[in-house]
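Observations on chain architecture
Residues per chain are reported as follows:
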Amino acid sequence: MPAIPNKTRMAKPKTVFFCQNCGAQSAKWIGRCPSCGEWNTYVEEIIQKETGKNKIPFSTNKLKTGPVKISEIETGKEERIDLFDKELNRVLGGGLVKGSLILVGGEPGIGKSTLLLQIALKQKSTLVLYVTGEESEQQIKLRAGRIGNENDDCYILAETNTQHIFQIIEKLQPGLVIIDSIQALYTDYLDSSAGSISQIKECAAEFQKYSKLTNTPVFLIGHITKDGSLAGPKLLEHMVDTVLQFEGERNYGYRILRTAKNRFGSTSELGIYEMQNNGLREVMNPSEILLSNRDNNLSGIAVSAMVEGARPIMIETQALVSSAAYGTPLRSSTGFDTRRLNMLLAVLEKRSGFRLGAKDVFLNIAGGIRVDDPAIDLAVIASVLSSNEDISIDQNICFSAEVGLSGEIRTVNKIEQRIAEADKLGMEQVFISKYGLKGLQKGNFNIEIIPVGKVDEVFSKLFG
């Protein structure tokens, strides 16, 4: 009887189910994610890895292992790289830290690739490698020609395989690496497709290891989901050193760069750009562009002094109050929290006797920016009262104070910087809380400071 040949047994690939919303994993499919609570988000992915190979083909020095006394750790001045972009330098905390990993997210077409390509072309003394996984080299060349900068030290690589990318990095030894985008990359050591949870996590981990071991800064461009959060696992934001959010309205030419996380600086800084035909232009004085040129006889407009990080900015608050046409009054706001608007309207009706319950109220922050500073409360109330009474507010008057539930005008922080910004722009009067006068050097300003304590006082001083 002939012998039965031995059949080669194929190794079954290892699979894990990942939640596409939060990145949690499970050995089996689950209907509802126990981590984030979303339904039907678990997808099976193959995570079988090859062994015996070095994932990142670059040479590094051996790192010291073992605990070290905190008193024995040597500290020096943090060396930062000048990106020749004052707005981005400010948001990063004074420049780019060597060995840092920065994630930049934003809507499609908002200008993420344009911003980082401009940065790459400005680095005249640093070799930059720009890796694109979504565009061809010719497309990048056309964009660079539109921007108008030339740099022979900027190399473009159209590649999505991380192993090939690190081979090029080993040859070039760049001083700065830009990845566009992390969702387009894949590694050979995972069998799942590019953009999956496991691929994003693994590729980001490879670049994190590369940046730390070689002391080379890396920019990662990331996609966002329909709700505005960064696509991929939440672990991606924990792995990087800095998370930047590039945002703005398509109908406006201005873009805002915010910091969601920064291990090397403040998270309250703000950078403003203007989108033009030849790329993004830095806006050094945002107050002048956010204050529109208008006639003095328009009601419902008030100017407020807000602060983003260490930067005071003058913004314009616009309100429209009209009789409710359909019985139920509407409350709508753009760039301002609608719930806070409802609270301020309730304060006006309860504490000051203004009947706004049967009227529609629409609020807009000019320039397409979103404001969370409570210092614009007084400007919101002033613009609502101006529209309700159909009496204009002089364009040389500004407001900077918070409004409490009892109708009192509360002071805000950094009041001197706000007043100084209003004074610099030629404002004649500024309304602040009377409780903020303590310690304020009035003689340092040419602007008239008007202290108020209640909402009623604001109305009487504005409209008599």
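Reference entry: report on the structure contained in this document. All residue numbers refer to position in the chain's written sequence, counted from 1. Local features in this predicted model are restricted to residues of pLDDT 70 or higher, and side-chain atom pairs are both shown and tallied only at a pLDDT of 80 or more, whereas totals for entire chains, interfaces and linings draw on every residue. With hydrogens and water excluded, all non-hydrogen atoms of the structure serve as input to the side-chain values.

Here's the deal with the overall build of the protein
The helix count covers DSSP runs of H or I at least four residues long, the strand count covers runs of E at least two residues long, and both are numbered beginning at the N terminus. From N to C terminus, the protein includes 11 helices and 23 strands. Burial classes follow relative accessibility: with a 1.4 Å probe on protein chains only, a residue under 20% of its type's maximum area counts as buried, one over 50% as exposed, and anything between as partly exposed. Within the protein, the fraction of its 464 residues that count as buried is 48%. We call two residues in contact whenever any of their non-hydrogen atoms come within 4.5 Å of each other. Considering only intrachain contacts with a sequence separation of at least 6, the fraction spanning at least 24 residues in the protein is 68%.

Overview of the side chain of Thr-41
If you trace the backbone, Thr-41 turns up in the loop between strand S2 (25-26) and strand S3 (42-46). On the basis of relative accessibility, which here comes to 14%, the residue Thr-41 falls in the buried class. If sequence neighbours within four positions are ignored, Thr-41 has contacts with Phe-18, Cys-19, Gln-20, Asn-21 and Cys-33.

Notes on helix H4 (residues 162-172)
The complete set of buried residues in H4 reads Thr-162, Gln-163, Ile-165, Phe-166 and Ile-169. Taken around the axis of H4, the buried residues stretch over an arc of 155°, which confines them to a single face. Residue Asn-161 occupies the N-cap position of H4, its side-chain oxygen lying 2.8 Å from the main-chain nitrogen of Gln-163. Once H4 ends, the next one or two residues include Gln-173, with phi positive near 55°. The directions from the helix axis to the C-beta atoms are what the arc is built from. For this analysis, a polar contact is any N or O atom pair within 3.5 Å, provided that within protein one partner can donate a hydrogen and the other can accept it, and provided that sequence-adjacent residues contribute only side-chain to side-chain pairs.

Let's talk about the packing of aromatic side chains
Note on ring pairs: Phe, Tyr and Trp rings are taken, using the six-membered ring of Trp, and paired if centres are within 6.5 Å. Classes follow the plane angle, with under 30 degrees stacked, over 60 edge-to-face and the rest tilted. Following the criterion strictly, the structure yields 6 aromatic pairs and no others. Between Phe-246 and Tyr-273 the ring centres are 6.1 Å apart and the planes differ by 75°, which places this aromatic pair in the edge-to-face class. Of this pair, Phe-246 sits in strand S11 (residues 242-247) while Tyr-273 is found in strand S13 (residues 270-276), placing the two residues 27 residues apart along the sequence. A relative accessible area of 0% means that Tyr-273 is categorised as buried. Through successive ring pairs, a cluster of aromatic residues spans Phe-166, Phe-207 and Tyr-210.

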